[in-house]
Amino acid sequence: GETKIMTFMFSDIRGFTPISEKYKGNPAGLTKLINRFLTRMTNIIIANGGTIDKFMGDCIMAFWNAPIDVEDHQMLAVMTASQMQTELVKLNEELSAEGLPNINIGIGINTGEALVGNMGSDQRFDYSVLGDSVNLAARLEGQSKSYGVKTVIGPETNDSVKDIYATLQLDMIAVKGKKEAVTIYTLAGDSEFKKSDEFKNLEIKHKKILENYFNQKWESCLKEMNLAKSLCNNLMNEYYEIMAKRIDEYKDNPPPDNWDGVYVATSK
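Residues numbered from 1 in each chain as written. Predicted model: local features only at pLDDT ≥ 70, side-chain atom pairs only at ≥ 80, totals over all residues. Heavy atoms only, no water.

S.K.: An account of the overall build of the chain is needed here, citing residue identities and associated values.
M.R.: The helix and strand tally for the chain stands at 10 helices and 9 strands. Expected size for 268 residues packed as a compact globule is a radius of gyration near 18 Å; at 19 Å, the chain falls within 12% of this value. C-alpha atoms of the chain, sized along the principal axes, occupy 55 × 45 × 35 Å. Out of the 268 residues belonging to the chain, those deemed buried represent 50%. Look at the contacts in the chain between residues 6 or more apart in sequence, and 68% of them connect residues 24 or more apart. Total accessible area on the chain is roughly 13,800 Å²; 48% of this is exposed by carbon and sulfur atoms. Taking the average place of the 30 positive charges on the side chains of the chain and the average place of its 37 negative ones, the gap between the two points comes to 4 Å. (Helix = DSSP H or I, 4+ residues; strand = E, 2+ residues; numbered from the N terminus. Rg over C-alpha atoms; globule rule 2.2 N^0.38 Å. Buried < 20%, exposed > 50% of the residue type's maximum accessible area, 1.4 Å probe, protein only. Contact = heavy atoms within 4.5 Å. Areas by Shrake-Rupley, 256 points an atom, 1.4 Å probe, with all protein chains shown as cover. Lys, Arg positive; Asp, Glu negative; His and termini not counted. Charge placed at Lys NZ, Arg CZ, Asp CG, Glu CD.)

The following block contains the structure:
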């Protein structure tokens, strides 16, 4: 294997169990639906220089910068996530017209060092990646549901794309199974959206919300969130509702005096 700085993506269908239940007596129909979804997403990943590591049921694992070196792999991964969400809207329009269930996905992206190469047993092996940064990407995908957003990106990825793509900080979190905290972000929109006045307005208010949150100014934080909910077509509304519930819990059970703002996740 070879140790490289790479960018990793995990994508998973949200609410896959209810979808599969509808196809309880028709596994072939479920397979056709999932393959149709996976084909559209795979085409985008490959077109943007990504490598498909594996499919795990309804989950896609992909990476950039191996086996061939890829410049701006962080940017390409984020662009891919944006295009996947856009393509999913088109696919869902087709599915609705055919009377089929819609599909929603969560995406996690992280950049870091990993070992890439052939891994497995003496009898069978795959070309894959291994490392803490890969595991974090998988955890970030899981947290997309916990924060009510479509895409969660890690700090190294955000540092590389924040000047071009519209991103917003979500939290400082210690994901399940890890002690070290990381600052996580969401992909709010593409380069054109970043230039818009509506996003700039949201960005200013969002920074103020987080400042109040980390300083434990709960009432000020809740007030600002209520004002920001409707911005950008309710873009962060679900996130603010989730954070408001957390703040209500903190008001009843205040964090310790030495609280550093880190939220310890209890689920993947």
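S.K.: So what about the environment of glutamate 113? Which residues, and what values?
M.R.: Along the chain, glutamate 113 turns up in strand β4 (residues 104-120). In contact with glutamate 113, other than residues within four places in its own chain, are Thr3, Lys4, Ile5 and Ser133.

S.K.: So what's going on with the pattern of salt bridges? Which residues, and what values?
M.R.: With the rule as written, the count across this model stands at 11 salt bridges. When the shortest N-O distance is used, the salt bridge between aspartate 159 and lysine 162 registers 4.0 Å. By relative accessible area, which is 48% here, aspartate 159 ends up partly exposed. In this structure, the salt-bridge partner of glutamate 192 is lysine 195, at a minimum N-O distance of 3.5 Å. A residue pair is termed a helical-turn pair when its members lie 3 or 4 positions apart in one helix, as glutamate 192 and lysine 195 do in helix α6 (residues 191-195) at 3 residues. A relative accessible area of 55% places lysine 195 in the exposed class. It is possible to trace a salt-bridge network through shared partners that takes in Arg36, Arg40, Glu87, Glu94 and Glu98. (Salt bridge = Lys/Arg side-chain N within 4 Å of Asp/Glu carboxyl O.)

S.K.: Tell me about the layout of surface pockets, and please be specific about residues and values.
M.R.: Picture a little ball the size of a water molecule; that probe, rolled over the atoms, points out where space is still empty. By volume, the largest pocket is sized at about 770 Å³. Gln85, Val149, Lys150, Leu187 and Leu235 are the residues nearest the centre of the largest pocket, which is lined by 25 residues in total. Counting only elements with at least two residues in the lining of the largest pocket, the list comes to α3 (73-97), β4, α4 (132-146) and β8 (182-189). With 7 residues, α3 is the single largest residue contributor to the lining of the largest pocket. Tallied by class, residues from the lining of the largest pocket come to 10 nonpolar, 10 polar and 5 charged. (1 Å grid on protein atoms, 1.4 Å probe; cavity = no way out; pocket = protein on both sides within 12 Å on 5 of 7 lines; lining within 4 Å. Points joined across faces, edges and corners; volume = space filled by probe spheres on them. Nonpolar A, V, L, I, M, F, W, Y, C, P; charged D, E, K, R; others polar.)

S.K.: How would you summarise the environment of tyrosine 250 if you had to cite specific residues and measurements?
M.R.: By the secondary structure assignment, tyrosine 250 is in helix α10 (residues 237-252). In this structure tyrosine 250 comes out as buried when scored by relative accessible area, which is 13%. Separated by 23 residues in sequence, tyrosine 250 and leucine 227 place their C-alpha atoms 21 Å apart.

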